[in-house]
Amino acid sequence: MAYYKLAFGAIFLPGTILLYQIFPKKIRWFILLLVSLAYYYTYSSIGVRIFLYPAAATAVTFLIGHFLEKLDKIKSEKVKSVVTEDASGNPRSKDEIRKEKSDIRDSYTKKSRIVLTIGILALIGMLLYLKYSDFFIENVNHIFEAAGSEKRFALKNLLLPLGISFYSMQAIGYMVDVYWKKVAAEKNPLKLLLFLTFFPTIVEGPIAAYTDIHEDLFKGDSIDPENVIQGYIRIIWGAMKKLVIADRLYPAVNLLFDSSSSIRGFEVIAAAVLFTVMEYMDFSGSIDMVLGCSKIFGIALPENFRQPFFARNASEFWRRWHISLGVWFKTYIFYPVSIGSLAKKWGKFAKGRFSKHPTKMVVSAMALLPVWLCNGLWHGPKWTYIFYGVFYFVVILTELIFEPLGDKCLEKLKLTRKSAGVEITRILRTWIVIFAGELFFRANTLKDGFIMFGNIFRRFNPSIFWNGTALGWGLDIADWAVVFIMLMVVIVVSVIKERGVDITGELLRRPLLLRWGLTLGLIMVLLIFGLYGPGFEEVDMIYAGF
């Protein structure tokens, strides 16, 4: 049952609110768990077996967290029990005592690392097996075919559990946080199961850290009517972005990308831009609905988007787009690698041999490469996704390398990054990077992506935008008008938010008649122009497939 379905907003969510409110505070978290499992089941095509995967992930995560905390407790007790006198009653030297304590810490740190590694490998192994088995088999078969061998491996065609990429990352983050002692290990496995399967986040995230949401998730405070109003406003806004804009662009995007070898020039550019708009409206709209749902229950999930198309470079774009994924990679891959043993060895070697900037760039490359390889692989078992990750690795590293040179050029021109012309130029340049990346991301195959990219330069035909060509992409004039008008609304709202204005807060401070007029107007737009019901093809949420 997707968030944008009428049954979800009119039946499932109100029913959940009612159940949550009528039960005592101390078991409300358990009500959320039951509702989350019921919601998860609505996506099932294999019956109750669908619960095996999140249950297994929860069991591994719970046990690893418990063992890590136990090892840390034993380590502390052993350090405290170190004797200060020898068998003859003579005082031991401070160096001897310090060494023994250090040896104990090192020994138990190694044990904790082994336990943590086992937990991470178990979750990653489950994810790799279910999500990437056929991808690996297909590529091995291609190698055999290229080598002239008739040997082939049969595809497994495994069913991918809903949300496995999201809850696996949350589980790994939780285990690492316990290892880092940022949070105490959860004593109740059912609460951990709720954290991993909370119904608003299970389909598309955002990827939340246990440290950020566990208090809100388990405290069971009564529902605030103000939260219900704000939550439903955001749900309606998100549903509008998905059903009115994203789903309306779906036929045009599919047609253009399925015609990858025949479209040229501005048609390819249109394909890249339309898919980027569609993806953003779909994903950010879905996240709006998720955050609206959680807001109703007083649970503050992390924002996943912050006006990404105002970014001045690729790095900033990824600090504004799918923020929770970027934060996860930065916290659990980039930082550990950048301060790891390999980076330290390079730092010692480079000291006195190279200047500060190239030394820093090598460390950045060491840390960014696994981040962007994992980013590409996380999206799915396709070479287009892997290329997408490598593409951003190259772009971001290039930006970092030439950043000092760019600053010197601006200084000579007596300009700064804050100059209006410079900011606009940087934003437009970033758009080119974004659209190029999304072209390969959406391409049916990596070969198709390169063909489409090459075809951009083969024929410049801007007349497609006024000679009726666009009407052959599955949308009529009315459809394009609706898309254009609602896009303008979204852009205006984004500009206001970029200026630091709380749109929902401002709306709720307005007179009652204006508040309800705008809200009802948005509902009418959704009901009249939303693509749903008989006669329309249902479009799945894009990131639900990841």
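Above this text you will find the structure in question.
Keep in mind it's a predicted model, so treat the numbers as computed, not measured. (Residues numbered from 1 in each chain as written. Predicted model: local features only at pLDDT ≥ 70, side-chain atom pairs only at ≥ 80, totals over all residues. Heavy atoms only, no water.)

Peer 1: I would appreciate a short explanation of the packing of helix α2 (residues 28-42) against helix α6 (residues 189-197) in the present structure.
Peer 2: Describing two packed helices takes the angle between their axes plus the distance from one axis to the other. Relative to each other, α2 and α6 sit at 50°, their axes nearing to 9 Å. Our classification of the angle between α2 and α6 gives oblique. In this structure, α2 meets α6 at a crossing whose hand is left-handed. Residues Trp29, Phe30, Leu32, Leu33, Ser36 and Leu37 of α2 form the contact with α6, whose participating residues are Leu190, Lys191, Leu193, Leu194 and Thr197. Each residue belonging to the contact of α2 with α6 can be placed in one class, and the counts come to eight nonpolar, two polar and one charged. (Axes fitted to C-alpha atoms, helices over the stretch in contact; angles between N-to-C directions. Helix = DSSP H or I, 4+ residues; strand = E, 2+ residues; numbered from the N terminus. Parallel < 35°, antiparallel > 145°, perpendicular 65-115°, else oblique. Left-handed = near helix turned anticlockwise from the far one by under 90°. Contact = heavy atoms within 4.5 Å. Nonpolar A, V, L, I, M, F, W, Y, C, P; charged D, E, K, R; others polar.)

Peer 1: Help me understand the pattern of salt bridges in this model?
Peer 2: All chains considered together, the criterion is met by 24 salt bridges. Taking the shortest distance from any N to any O, the salt bridge between Lys187 and Glu69 comes out at 3.0 Å. Residue Lys187 is found in the loop between α5 (164-179) and α6, and its partner Glu69 is found in helix α3 (residues 52-80); the two are separated by 118 residues along the sequence. Note on Lys187: relative accessible area 59%, which makes it exposed. Judged by relative accessible area, which is 28%, Glu69 ranks as partly exposed. Among the salt bridges present, the one from Asp288 reaches Arg234, with a minimum N-O distance of 3.0 Å. Linking Asp288 in helix α9 (residues 266-296) with Arg234 in helix α8 (residues 225-258), this pair joins segments that are 54 residues apart in sequence. For Asp288, a relative accessible area of 6% translates into the label buried. Via salt bridges that share partners, Arg312, Glu316, Arg320, Glu423 and Glu498 belong to a single interconnected network. (Salt bridge = Lys/Arg side-chain N within 4 Å of Asp/Glu carboxyl O. Buried < 20%, exposed > 50% of the residue type's maximum accessible area, 1.4 Å probe, protein only.)

Peer 1: What's the story with the layout of surface pockets in this structure? I'm lost.
Peer 2: A water-sized probe rolled over the atoms picks out the places where empty space is left. Of the voids in this model, the largest pocket is the one considered here, and its volume is about 1200 Å³. Trp237, Val493, Lys497, Ile503 and Thr504 are the residues nearest the centre of the largest pocket, which is lined by 44 residues in total. Broken down by secondary-structure element, the contributors of at least two residues to the lining of the largest pocket are α8, α9, α17 (477-498), α18 (503-509) and α19 (512-529). Classifying every residue of the lining of the largest pocket gives 21 nonpolar, 14 polar and nine charged. The calculated volume of the second largest pocket comes to roughly 880 Å³. (1 Å grid on protein atoms, 1.4 Å probe; cavity = no way out; pocket = protein on both sides within 12 Å on 5 of 7 lines; lining within 4 Å. Points joined across faces, edges and corners; volume = space filled by probe spheres on them.)

Peer 1: Is there a simple way to think about the packing of helix α13 (residues 356-379) against helix α14 (residues 383-412) in this case?
Peer 2: It is at 8 Å that the axes of α13 and α14 come closest, and there the two elements cross at 160°. In terms of axis orientation, α13 runs roughly antiparallel to α14. For the crossing formed where α13 meets α14, the hand is right-handed. The residues of α14 that touch α13, namely those facing His357, Met361, Ser364, Ala365, Leu368, Leu369, Trp372, Leu373, Asn375, Gly376, Leu377 and His379, are Tyr385, Ile386, Tyr388, Gly389, Val390, Tyr392, Phe393, Ile396, Leu397, Leu400, Ile401 and Pro404.

Peer 1: In this structure, what is going on with helix α7 (residues 210-219)? I would like to understand it.
Peer 2: Side chains of residues three or four places apart in an α-helix project in the same direction, reflecting 3.6 residues per turn. Of the positions making up α7, those classed as buried are Tyr210, Ile213, His214, Asp216, Leu217 and Phe218. Looking at the buried positions of α7, the neighbouring elements they touch are α2, α5 and α6. Looking one or two places after α7, you find Gly220, whose phi comes out positive at around 70°.

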